[in-house]
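# A closer look at the structure
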Amino acid sequence: MQTQDKLNDGQLSDEQSREIAETIREELARRRISRQALAEQAKLSLSTLEKALGGRRPFTLATTVRLEQALGVSLRKNAVVVAPPAASDVAPDSLGSYAHRAVTWLEDVYITLRPSFGAKDAIFAYRTEIVWEPKISSLVFREGERTDAAYEHTGEVAVPHQSGFIYLVIIKHGQHRVITVSRPTVSGEMYGIISTLRAGPGSQLTPIAAPVAYVPLRNVPNPSLGRVGPDDSNHALYRKHLRRTVEEPFAVFLSV
């Protein structure tokens, strides 16, 4: 009778609850967000979340689904079997085999920030949209409103489960550009490293790596785009985001 009651209530097993609690604690530490913030995002009471994480009550299926939607990750490894999504809604293995419904939290319009490669103290800012592309069954990113429009790119988005990071990748004629960023913070920003080529005099190209930040467009009331200098009203905010990349740190740069 007790087992049947648990099934009727949608409660997961003790083993599944322990695995879910461990995964949630890892995600909270990785993203640097509080339990209160997660509870609010998942529309749960803090008391419910605390009791489940502390093992004082099992996770229910409904609570787990809400937490999965808030975190954008699958928490159930051996839980209730769910019918797989249609093949057209699953990205290829090379990009992480993620389902569209599992990554909708990434779809947004961002301001991309990185140091200017040509002007001291300036910050280069442009628009990036991340959307699902049904034709190739994956997330793609599209850059726009760059002052150097010839270098605007469209590429694929990889979201592997193992590393917990997101990769924005361009491969064109064998040439690679890779941006590695953290999963979004509670307010939606992503921080990491851009690895690309810097254009020099003539046809000279030099490998270069720099901090990069993706800030949801809605978080900046009057965004500045292009080369943003110290006299711009948004320069201090943009610099704060880039400094956060290396100070927290979301990315580490080693010197020789």
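Quick note: structure is the one above.
Residues numbered from 1 in each chain as written. Predicted model: local features only at pLDDT ≥ 70, side-chain atom pairs only at ≥ 80, totals over all residues. Heavy atoms only, no water.

### Here we look at unusual backbone geometry
To keep it simple, the criterion reads: Helix and strand labels come from DSSP, where a helix needs a run of H or I of at least four residues and a strand needs a run of E of at least two; each type is numbered from the N terminus. Each residue is placed in one exposure class: buried if its accessible area under a 1.4 Å probe, protein chains only, is under 20% of its type's maximum, exposed if it is over 50%, and partly exposed if it falls in between.
In this structure, proline 249 follows glutamate 248 across a cis peptide bond, with omega equal to -10 degrees. Positive phi outside glycine occurs at lysine 43, with the angle close to 60 degrees. Within the secondary structure layout, lysine 43 lies in the loop between α3 (35–41) and α4 (46–53). Relative accessible area serves as the criterion here: at 67%, lysine 43 is assigned to the exposed category. For serine 137, which is not glycine, the phi torsion reads 55 degrees and is therefore positive.

### A short note on the nonpolar core
What counts, and what does not: The criterion is simple. A nonpolar core is a set of buried Ala, Val, Leu, Ile, Met, Phe, Trp, Tyr and Cys residues joined through side-chain atoms within 4.5 Å. Whether two residues touch is decided by their heavy atoms; if any such pair falls within 4.5 Å, the residues are in contact.
Formed by 24 residues in total, the largest nonpolar core has its most connected members in Tyr98, Leu139, Val157 and Leu168. When residues of this core are traced back to their parent elements, those giving at least two are β2 (123–133), β3 (138–144), β4 (154–158), β5 (165–172), β6 (175–182), β7 (190–199) and β8 (205–216). Setting aside anything within four residues of it in sequence, one finds leucine 139 in contact with Tyr98, Val103, Leu106, Glu107, Ile130, Val131, Trp132, Gly155, Glu156, Val157 and Val159. If you look at the next biggest cluster of nonpolar residues, it comprises 19 residues, including Ile20, Leu38, Leu49 and Leu67.

### So, the packing of helix α2 (residues 14–31) against helix α5 (residues 61–71)
A packed helix pair is summarised by two numbers, namely the angle formed by the two axes and the spacing between the axes. Short version of the rule: Axes here mean lines fitted to C-alpha atoms, for a helix over just the part in contact, with angles spanning 0 to 180 degrees between N-to-C directions. Oblique is the label for any angle not under 35 degrees, not over 145, and not in the 65 to 115 range, which are roughly parallel, roughly antiparallel and roughly perpendicular in turn. Should the near helix be turned anticlockwise from the far one by less than a right angle, the crossing is termed left-handed; should it be turned clockwise, right-handed. In this classification, Asp, Glu, Lys and Arg are treated as charged, Ala, Val, Leu, Ile, Met, Phe, Trp, Tyr, Cys and Pro as nonpolar, and every other residue, Gly included, as polar.
Taken N-terminus to C-terminus, the directions of α2 and α5 make an angle of 25 degrees; their axes are 12 Å apart at the nearest point. In this view, α2 runs roughly parallel relative to α5, as classed from their interaxial angle. Both α2 and α5 take part in a crossing whose hand is left-handed. Touching Ile20, Ile24, Glu27 and Arg31 of α2 are Thr64, Leu67, Ala70 and Leu71, all from α5. Its residues assigned to classes, the contact of α2 with α5 shows five nonpolar, one polar and two charged.

### Topic: the packing of aromatic side chains
Our working definition: Between rings of Phe, Tyr and Trp, where Trp is taken as its six-membered ring, a pair exists when centres lie within 6.5 Å; planes separated by under 30 degrees are stacked, by over 60 edge-to-face, and by other angles tilted.
Per the stated rule, a full pass over the model turns up four aromatic pairs. Between tyrosine 110 and tyrosine 214, the ring centres sit 6.1 Å apart and the planes meet at 85 degrees, which makes this aromatic pair edge-to-face. Residue tyrosine 110 is found in strand β1 (residues 108–115), and its partner tyrosine 214 is found in strand β8; the two are separated by 104 residues along the sequence. Comparing tyrosine 110 with tyrosine 214 shows no difference in burial state: the two are buried.

### Points about the pairing of β4
Our working definition: What makes two strands pair is DSSP finding at least two bridges between them.
Two strands pair when backbone bridges link them, and β3 and β4 are joined in this way by three bridges, in the antiparallel orientation. Looking at β4, one finds that arginine 142 is bridged to threonine 154. As paired strands, β4 and β5 are joined by three bridges and run antiparallel to one another. Directly across from valine 157, in β5, lies its bridge partner leucine 168. Two successive antiparallel strands, β4 and β5, enclose a turn made up of six residues, where glycine 164 displays a positive phi of approximately 80 degrees.

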